[in-house]
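One-letter residues, chain by chain:
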Amino acid sequence: MATSLHAHVVEHLGSRIVSGQIPRGSIILAAELEQKLQVSRSVIREAVRVLAQCGLVNSTKRVGIRVLSAEHWNPYDDHVIRWRLASDHKGAQLRSLTELRISVEPMAAELAAEVAPEEMRRELMLISAQMNHYGRQGDLRRFLELDIRFHALVLAASGNEMFANLATPIGAILRGRTELGLMPERPHEEALLWHQSVADAISNSDPAAARRNMESIMRRTHNEISSLWENEPRLFVDPGKTS
């Protein structure tokens, strides 16, 4: 029950901060939250700890819980990604993660073709075959989980631990696109072939083909959804001023 209450408080506050319903600079008092949400001080304290890790708040004795602006948020946190996707600014979130993918995944595929262990190469071939099967059947739920695993495995197979740790935010954006109804009823045949070609190129140690086909996947993704962020302003974050 405590875990459920904690998750409820995190969700209640986090979603409202990200959507702007609780404006930046606001001061929230723990005592008021206890009364409003009918939970204990320990539940509030744990929820605030999670939100602070997300960069949404900081807590100061004798002042309260201060809501921080978007420049302080952790853009890689899966809570933040999910809340942004559910807000009126989902276009900005989609743009940021899509641009990240375009920048990183082709390079990851190229490296994977050079250095991936044999077991990862075999798993990519298996997953791409399963994606073809379930994609053509129109089983989007199963296809989504395979797609998430495929891209996570390419990142891991690059041998770059920083690339590998992008699997969580990239998985969040793939789930978000599906939940928002931004995926076709059936995957495009061309996209299925590109995934197969990435797996083939990595299996055959062909870095140029791996990069080229992953770049095609990313560019198609960008073109399909770029209209969603046409009017979204960009956020210019200077780490030296937000740390």
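A short tour of the structure in this document, coming up. (Residues numbered from 1 in each chain as written. Predicted model: local features only at pLDDT ≥ 70, side-chain atom pairs only at ≥ 80, totals over all residues. Heavy atoms only, no water.)

For the chain, the helix and strand inventory stands at 12 helices and 3 strands. C-alpha atoms of the chain, sized along the principal axes, occupy 60 × 40 × 35 Å. Classification of the 243 residues of the chain by burial places 45% in the buried group. For the chain, restricting intrachain contacts to residue pairs at least 6 apart in sequence, the fraction spanning at least 24 positions comes to 71%. Side chains of the chain give 29 positive and 30 negative charges; the mean places of these two sets differ by 6 Å. (Helix = DSSP H or I, 4+ residues; strand = E, 2+ residues; numbered from the N terminus. Buried < 20%, exposed > 50% of the residue type's maximum accessible area, 1.4 Å probe, protein only. Contact = heavy atoms within 4.5 Å. Lys, Arg positive; Asp, Glu negative; His and termini not counted. Charge placed at Lys NZ, Arg CZ, Asp CG, Glu CD.)

Applying the stated criterion to the full structure yields 13 salt bridges. The salt bridge involving glutamate 34 is made with arginine 41; its shortest N-O contact spans 2.3 Å. Take glutamate 34: its relative accessible area is 22%, and that puts it in the partly exposed class. Taken together, the shared-partner salt bridges in this structure form one network comprising Arg177, Glu190, Arg220 and Glu224. (Salt bridge = Lys/Arg side-chain N within 4 Å of Asp/Glu carboxyl O.)

We now examine the environment of histidine 151. Structurally, histidine 151 can be placed in helix α7 (residues 140–157). Overall, the relative accessible area of 1% leaves histidine 151 in the buried class. Here the alpha-carbon distance between histidine 151 and aspartate 139, two residues 12 residues apart in the chain, equals 18 Å. Setting aside residues up to four positions removed in sequence, histidine 151 forms contacts with Arg101, Glu105, Leu174, His195, Met214, Ile217 and Met218.

Let us now look at the packing of aromatic side chains. Pairs of aromatic rings are described using the distance from one ring centre to the other and the angle between the two planes. Throughout the structure, instances matching the rule amount to 0 aromatic pairs. Sitting over the face of the ring of tyrosine 134, arginine 142 holds its NZ or CZ atom 5.6 Å from the ring centroid. (Phe/Tyr/Trp six-rings, centres within 6.5 Å; stacked < 30°, edge-to-face > 60°. Lys NZ or Arg CZ within 6 Å of the ring centre and 35° of its normal.)

The next point concerns the nonpolar core. Core analysis: the largest hydrophobic core is formed by 44 residues, its most contacted members being Leu124, Phe150, Val154, Leu155, Val198, Ile202 and Met214. Elements represented by at least two residues in this core include exactly α4 (78–85), α5 (90–115), α6 (118–137), α7, α9 (167–179), α10 (189–203) and α11 (207–225). Each residue touching valine 198, except ones within four places of it in the same chain, is listed here: Ala109, Phe150, Ala210, Asn213, Met214 and Ile217. (Core = buried A, V, L, I, M, F, W, Y, C linked by side-chain atoms within 4.5 Å.)

Before going further, it helps to spend a moment on the pairing of strand β2 (residues 57–60). Pairing of β2 with strand β3 (residues 64–67) involves 4 bridges; the strand directions are antiparallel. Following the sheet pairing, valine 57 is matched in β3 by valine 67. Following β2, the chain reverses through 3 residues before pairing antiparallel with β3; arginine 62 in that reversal takes a positive phi of roughly 65 degrees. (Pairing = 2+ DSSP bridges.)

The next thing to look at is the side chain of threonine 98. Topologically, threonine 98 is positioned in helix α5. A distance of 2.6 Å separates the side chain of threonine 98 from the backbone oxygen of leucine 94, its partner in a polar contact. With residues near it in sequence (within four places) discarded, threonine 98 still touches Thr221, His222, Ile225 and Trp229. (Polar contact = N/O pair within 3.5 Å; in protein donor to acceptor, adjacent residues only side chain to side chain.)

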